[in-house]
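Below are the chains, spelled out letter by letter.
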Amino acid sequence: MKMNNNWWKEGVVYQIYPRSFKDTTGNGLGDIDGIIEKLDYIKSLGVNMIWICPVYASPNDDNGYDISDYRKISEDFGGNEAFDRLLKAMHARDLKLIMDLVVNHSSDEHHWFEQAKQSKDNPYHDYYIWKEGTPTTIPNNWQSVFNGSVWEWNAPTKEYYLHYYTKKQPDLNWENPSVRKEVYAIIDFWLAKGVDGFRMDVISLISKRIAFENVPQSMSFIDVMEKVYANGPRVHEYLKEMNREVLSKYDAVTVGEGPGVNLEHGPRYVSTKEKELNMVFHFDHLTIDFGPEGKYDPVPVDFLRFKEIFSQWDQALAEDGWNSIFLGNHDFSRIVSRFGNDRKYHNASAKLLATLLMSLRGTPYVYQGDEIGMTNVAHPSIDLYDDVETRNAWKAAEAAGKDMNQFLKAVHWQSRDNARTPMQWDASMQAGFSTGKPWIPVNENHEQINVAAAENDPNSILHYYRKMIAYRKANPSLVYGHFEDLLPQHPYLFVYKRWDDKGTFLVGHNFRDENTNWEQKELGYKMDIGNYATPSSQFLSPWESRIYRLV
Ligand code: GLC
């Protein structure tokens, strides 16, 4: 089947975490005017879409992923007036705006929940998910993503309510048609205003398995996510309804965040026949280093498996549907620290990852700061971490009597705050992010790694991103062409072919700190682009990437 061409397939997305992007008021929090100030910079990368993490009114228990008013932009960020200016300024530059839509749960400070918790006969009660019980008998053994039970006691109604995340993020009851209507009206409100699409937060979790049976103790959290919390019995019915009721009326792009969505479930969410979403974010490659006890028990990345995940997902969506290509975001470590070498081969490995992102089939997502090779941080104490997930995991580890020195190392490796340190604009005190005290400490390497320095260095990661994005745009075979891994069993090289009737490309990456033999024997190829100035004919240098074209 011929793939349908679309603007959101041919483009590249830049993801902004607004509180860490650019502060124009000096209060230490990034804001919408900061984004407006940097639009020309973003445009200069060659991207054509910006996904902005939540900017709605929120008490910020989970940095905006707990929304108290879905039609209001937080005053911290500049309010609705600033948002309207942003949208205009983006459209004037031909940039599309993708909002975050967080409707698996609301904030407990949303007026729906404030009403709902008061009494069982309140009209909003059924907007949430309740279970009767007593303060000492919890409905089941389900654990929240951020530690502790998913159930929180509500004394006035003598019931528990369900929360997959913090207790300030009660899950909405999608079984209730009024809830669904409200959600579609919210989507319609923003699309009618002119926004171009949505990234839908944990959308795979909206349909609950309402028998709420205990999960076996032996089940890993990844399995619980897939089989118990995600992919519930009505999720596809809801997404089809959402599409029919509102999305289909606009030319909007949708990408669903899909915890628990694996190869078995993924294709259905994005099949054009099913008419649900355009893309999903799956986490097969980003949970690859989770050990037996999960995220904070990390194990080395299995490189063969890493490659296999990309091949399998490409195949799964080759005929119908579309992939999103990403290596990190605001919930994971920095990509150069996690998948590259952020010390000795910082420059080369960050460029390798850029080449990877821009040469696979699917829509690439670049997270703010990755285009200059921002790295993880390693704070000496948990007190310097802000993220609710990190802090809760720390408390749980302490309570379980874990070795906390070891755990701090795991935090250095895995904390979501690695990706949330302020954007590094220049070498000044607060990295040019703010004139005040940032809400979270800047990474001390901002004196070396920053946008201003990168602009002045012709060999910088930043200039390479621009070059790679332009290269992808100029060669639609890299967007739509077939993909085949040519050396799936090679322990260090990722080598693949991309081709269609417009061109054939050979891509090679060396994922290690040593040279790796690679004699390019296939005839007729000419090298087009790469991250080393003088490539060898016998081997790939440490973290070298190259793209050849059949001429
Ligand atoms: C998603 C968001 C994450 C948030 C969670 C709960 O995974 O990306 O930041 O904490 O959903 O809304």
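Rules and cut-offs
Residues numbered from 1 in each chain as written. Predicted model: local features only at pLDDT ≥ 70, side-chain atom pairs only at ≥ 80, totals over all residues. Heavy atoms only, no water. Pairing = 2+ DSSP bridges. Helix = DSSP H or I, 4+ residues; strand = E, 2+ residues; numbered from the N terminus. Axes fitted to C-alpha atoms, helices over the stretch in contact; angles between N-to-C directions. Contact = heavy atoms within 4.5 Å. Domains from an automatic or database assignment. Buried < 20%, exposed > 50% of the residue type's maximum accessible area, 1.4 Å probe, protein only. Phe/Tyr/Trp six-rings, centres within 6.5 Å; stacked < 30°, edge-to-face > 60°. Lys NZ or Arg CZ within 6 Å of the ring centre and 35° of its normal. Core = buried A, V, L, I, M, F, W, Y, C linked by side-chain atoms within 4.5 Å. Salt bridge = Lys/Arg side-chain N within 4 Å of Asp/Glu carboxyl O.

### Section: the sheet that holds strand 15 (residues 493-500)
- Overall, antiparallel pairing links the five strands, which are arranged 14-15-16-20-18 in an open sheet. The open sheet has two edge strands with one neighbour each: strand 14 (482-485) and strand 18 (525-530). The mean inter-strand angle of the sheet, taken between neighbouring strand axes irrespective of direction, is 25°.
- Here strand 18 pairs with strand 20 (residues 545-550) via five bridges, running antiparallel. Among the inter-strand pairings, Met-527 is bridged to a residue of strand 20, identified as Tyr-548.
- Contacts from helix 12 (residues 346-359) reach strand 15, strand 16 (503-510) and strand 20 within the one sheet, and its direction differs from that of strand 16 by about 150°.
- This element, helix 16 (residues 461-474), spans strand 16, strand 18 and strand 20 of the sheet and lies at about 135° to strand 18.

### Side note on the domain arrangement of the chain
- Domain boundaries assigned for the chain yield domain 1 (11-108 + 172-464), domain 2 (111-162) and domain 3 (482-550).
- Placing a centre on the C-alpha atoms of domain 2 and another on those of domain 3 gives a separation of 55 Å.

### Let's talk about the environment of Lys-72
- Positionally, Lys-72 belongs in strand 4 (residues 69-73).
- By relative accessible area, Lys-72 is classed as partly exposed at 33%.
- Considering only alpha carbons, one finds Lys-72 and Gly-256, 184 residues apart in sequence, at a separation of 22 Å.
- Setting aside residues up to four positions removed in sequence, Lys-72 forms contacts with Val-55, Tyr-56, Ala-57, Asn-80 and Trp-190.

### Notes on the sheet that holds strand 9 (residues 197-200)
- What the eight strands build is an open sheet, ordered 11-10-9-5-2-1-13-12; its pairing is parallel. Strand pairing shows two members of the sheet lacking a second neighbour, strand 11 (279-281) and strand 12 (324-325), which therefore form its edges.
- Bridge count between strand 12 and strand 13 (residues 363-367): two bridges; the pairing is parallel. Among the inter-strand pairings, Ile-325 is bridged to a residue of strand 13, identified as Pro-364.
- Relative to strand 9, helix 6 (residues 177-193) is tilted by about 140°, and along the sheet it contacts strand 5 (96-101) and strand 9.

### What to know about the packing of aromatic side chains
- By the definition in use, this model includes 42 aromatic pairs.
- Taking 5.9 Å as the distance between ring centres and 75° as the angle between the ring planes, the aromatic pair formed by Trp-518 and Tyr-548 counts as edge-to-face. Placement of the pair is Trp-518 in the loop between strand 17 (516-517) and strand 18 and Tyr-548 in strand 20, with a sequence separation of 30 residues. Exposure class is identical for Trp-518 and Tyr-548. Each is buried.
- An aromatic cluster of at least three residues, connected via ring pairs, comprises Tyr-56, Tyr-70, Phe-83, Trp-112, Tyr-124, Tyr-127, Phe-189 and Trp-190.
- Its end group placed over the ring of Phe-332, Lys-295 keeps NZ or CZ at 5.7 Å from the ring centre.
- Its end group placed over the ring of Tyr-492, Arg-512 keeps NZ or CZ at 3.8 Å from the ring centre.

### So, the nonpolar core
- Counting 139 residues, the largest nonpolar core has Tyr-14, Tyr-41, Met-99, Phe-198 and Met-242 as the members making the most contacts within it.
- The dominant element in this core, judged by the number of residues it contributes, is helix 12, at eight residues.

### Quick word on the pattern of salt bridges
- Applying the stated criterion to the full structure yields 38 salt bridges.
- Among the salt bridges present, the one from Asp-100 reaches Arg-199, with a minimum N-O distance of 2.9 Å. Residue Asp-100 is found in strand 5, and its partner Arg-199 is found in strand 9; the two are separated by 99 residues along the sequence. For the pair Asp-100 and Arg-199, a shared accessibility class is recorded, and that class is buried.
- We note a salt bridge from Asp-370 to Arg-334, for which the minimum N-O separation is 2.8 Å. Of this pair, Asp-370 sits in the loop between strand 13 and helix 13 (388-399) while Arg-334 sits in the loop between strand 12 and helix 11 (335-338), and the two are 36 residues apart along the sequence.
- Taken together, the shared-partner salt bridges connect Asp-62, Asp-331, Asp-387, Arg-416 and Arg-420 into one network.

### Quick notes on unusual backbone geometry
- If you check the backbone angles, Asp-94 has positive phi at about 60° while not being a glycine.
- Relative to the elements of secondary structure, Asp-94 occurs in the loop between helix 4 (79-92) and strand 5.
- The phi torsion at Asn-147 lies on the positive side, around 80°, for a residue other than glycine.
- Its place among the elements puts Asn-147 in the loop between strand 6 (130-132) and strand 7 (151-154).
- You can call Asn-147 partly exposed: its relative accessible area is 36%.

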